[in-house]
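# Structural overview
What follows is the residue order along each chain.
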Amino acid sequence: MELSNITKRRIVEYLSEGKRFDSRKLLEYRPISIEMNISKNADGSARVRMGNTEVVAGVKLDAGTPFTDSQDSGVLIVTTELSPLASEKFELGPPGIQSIELSRLVDRGIRESGFIDFKKLCIKEGEKVWSIFLDIYPMNDGGNLIDASCLAAVAALCNTRLPKYDEEKEKVKFGEWTNKKLPLTDKLPLTMTFHKISKSIILDPITEEEEASEARLTVAMSPKDKEPKINALQKGNAKELSKEEVFEMLEQAEKEWHKRYPLILEKIEAEKKKHEK
Amino acid sequence: MILWLRKRQKALKDVVHKMAYTKRFDGREFDETREMKIKVGVIPRADGSASFSFGDSIAIAAVYGPKPLHPQHLQNPEKGVLRVHYDMISFSVTERKKPGPSRRSSEISKVMEWALMPVLQLDAFPNTVIDLFVTIIQANASTRCAAINAASIALASAGVPMTDLVTAVSVGKIDKSIVVDLIKEEEDYEDGEGATDIPFAFLANSGKVSLFQLDGKISVDELKKAVEAGKDSCKKIYAEQKKALKSIKEQK
């Protein structure tokens, strides 16, 4: 269902008074839950819930050939499938622009942060490297799939162990695992997606707010010396932003990151401990 | 040409020695774009067209429409629809690009639609579509910016009602320096703090941002400086775009 004009007007009216349908503040996230190791056959997996939004992400590793311009580095391929199971707006068939953009945003956030140590994923230089297939499946679209997907992707990577590798046949032994974890650094990437609706700027929209959004700005950040650095960024939707609005979003992103990052890290560490044996 | 090559080799060596990026590979100033070449009406069959180049990066844009949109369910009864199709030809890059659309080109097409929509006045053309095809025929970084600049001129030359022109430029943080209009070697820079690539599009008169992407590693304060650098640079590009559009009048 498309958003009716009357609902959009109501959203704008509410926001102008600093209110939202679910009584949150404008820059407040919904409660987040992270579960890791939700799949027995994946090399790593996670489920993230943010309010009604639920996203499942899984990692499968395979031995593949490296890219010609980086012979000694592993490969990361991020795919998102927006199944009609999650929303009446999604359709069967080849990936549309929404899923392509989502995958590429998560990909860039993770890749540019340096969270994955790609150099350690080389098996035989120029011939065999580990390929990380990171697949994202939203189960329910309750708004803000970008932030939820990135979080699920990161959590799944934190949960990933390397499968056994047959040196002679140069093949992966699927279904058998080593005790080795995927080589990760402490530069854990987080995305924050701001939306502009009329004159208000909000974080973590519900579906209705997302449909009323005029412009959005996704900012992916990771820490360097405890300060956030921006690794990827994208403006979306058909309206423009003034320089002042952009600067305000960037400043808020920095501020929110300091609040949000320790919280997420704590949740991920707690889940990690649960599954360490 | 030989002189230029020598200069470039020397610049390369200097950088390797000094590490810090104080001098650009091609000898340009930090706030200097490559030479711009603009031609209008390069595709006579189209309703509007233009080519735009930043040095070795060349984009050609053609506009067809407004025309009836099929299938019907895609139509918007309130206003016309813009469809952008960005792609590169197979031999535009060093390693052959597989022909046909990719995930990258689909994303760029979409962000280009978002970049151009704010200036288009399509209320008078309900149920129609404007098809905008942009092809990169030679690439050396900043292709999406060249594509937007070409597209903006092509739309104007097609007579589509517009409130402003859209002007795009890539800004980069190479090591610690903020530079405009990156080349491939700068995009791939790995020493020091490495490279951050930030394509921008601004509405030329209002100065608002309609395309904003980023890849790399940059602090909020540095990014604010990059926004200012992009805005300044776009003023010069806008002057060139205007000049090219005025030349149509003279031709007629």
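Residues numbered from 1 in each chain as written. Chains lettered and ligands numbered in written order. Predicted model: local features only at pLDDT ≥ 70, side-chain atom pairs only at ≥ 80, totals over all residues.

### Details of the overall build of chain A
- For chain A, the count of helices and strands is 5 helices and 12 strands.
- Against the globule reference of 19 Å for 277 residues, chain A gives a C-alpha radius of gyration of 20 Å, in line with a compact fold.
- For chain A, the C-alpha atoms occupy an extent of roughly 65 × 45 × 40 Å along the three principal directions.
- Here chain A holds 277 residues, and 41% of them are scored as buried.
- Partitioning the intrachain contacts of chain A with sequence separation of at least 6 by distance along the chain shows that 69% fall at a separation of at least 24. (Helix = DSSP H or I, 4+ residues; strand = E, 2+ residues; numbered from the N terminus. Rg over C-alpha atoms; globule rule 2.2 N^0.38 Å. Buried ≥ 20, exposed ≤ 12 C-beta atoms within 10 Å, placed from the backbone. Contact = placed C-beta atoms within 7 Å.)

### Considerations on the sheet that holds strand β1 (residues 36-40) of chain B
Residues and elements named next belong to chain B.
- The strand order across the open sheet formed by 5 strands is β1-β2-β3-β5-β4, and the pairing between neighbours is mixed. Of all the strands in the sheet, the pair left with one neighbour each is β1 and β4 (81-88). In this sheet, adjacent strand axes meet at a mean angle of 15 degrees when their direction is disregarded.
- Judged from the 9 bridges that link them, strand β3 (residues 57-68) and strand β5 (residues 128-138) form a sheet pairing that is antiparallel. Across the sheet, residue Ile-60 finds its bridge partner in β5, namely Thr-135.
- Taken strand by strand, helix α3 (residues 143-157) contacts β1, β2 (48-54), β3, β4 and β5, and its axis lies near 150 degrees from that of β2. (Pairing = 2+ DSSP bridges. Axes fitted to C-alpha atoms, helices over the stretch in contact; angles between N-to-C directions.)

### Some details on the pairing of strand β7 (residues 177-180) of chain B
Residue and element names in this part refer to chain B.
- Relative to β7, strand β6 (residues 166-174) runs antiparallel, the two sharing 4 bridges. Bridged to Val-171 within β7 is Val-180.
- Here β6 folds back onto β7, and the loop between the two strands holds 2 residues, one of which, Asp-175, carries a positive phi near 55 degrees.

### What about the packing of helix α2 (residues 97-113) of chain A against helix α2 (residues 103-116) of chain B?
- Interaxial distance between α2(A) and α2(B) falls to 9 Å at its minimum, and their mutual angle equals 105 degrees. Viewed along their axes, α2(A) and α2(B) adopt a mutual orientation that is roughly perpendicular. In this structure, α2(A) contributes Ile97(A), Ile100(A), Glu101(A) and Arg104(A) to the contact, and α2(B) contributes Arg103(B), Ser106(B), Glu107(B) and Lys110(B).
- Residue classes in the contact of α2(A) with α2(B) are distributed as 2 nonpolar, 1 polar and 5 charged. (Parallel < 35°, antiparallel > 145°, perpendicular 65-115°, else oblique. Nonpolar A, V, L, I, M, F, W, Y, C, P; charged D, E, K, R; others polar.)

### Regarding α3(B)
Residues and elements named next belong to chain B.
- Look at α3: 21 Å from first C-alpha to last across 15 residues, which is about the 21 Å you get at 1.5 Å a residue.
- Most of α3 is tucked away, with 15 of its 15 residues classed as buried.
- Looking one or two places after α3, you find Gly-159, whose phi comes out positive at around 80 degrees. (Expected span 1.5 Å × (residues − 1).)

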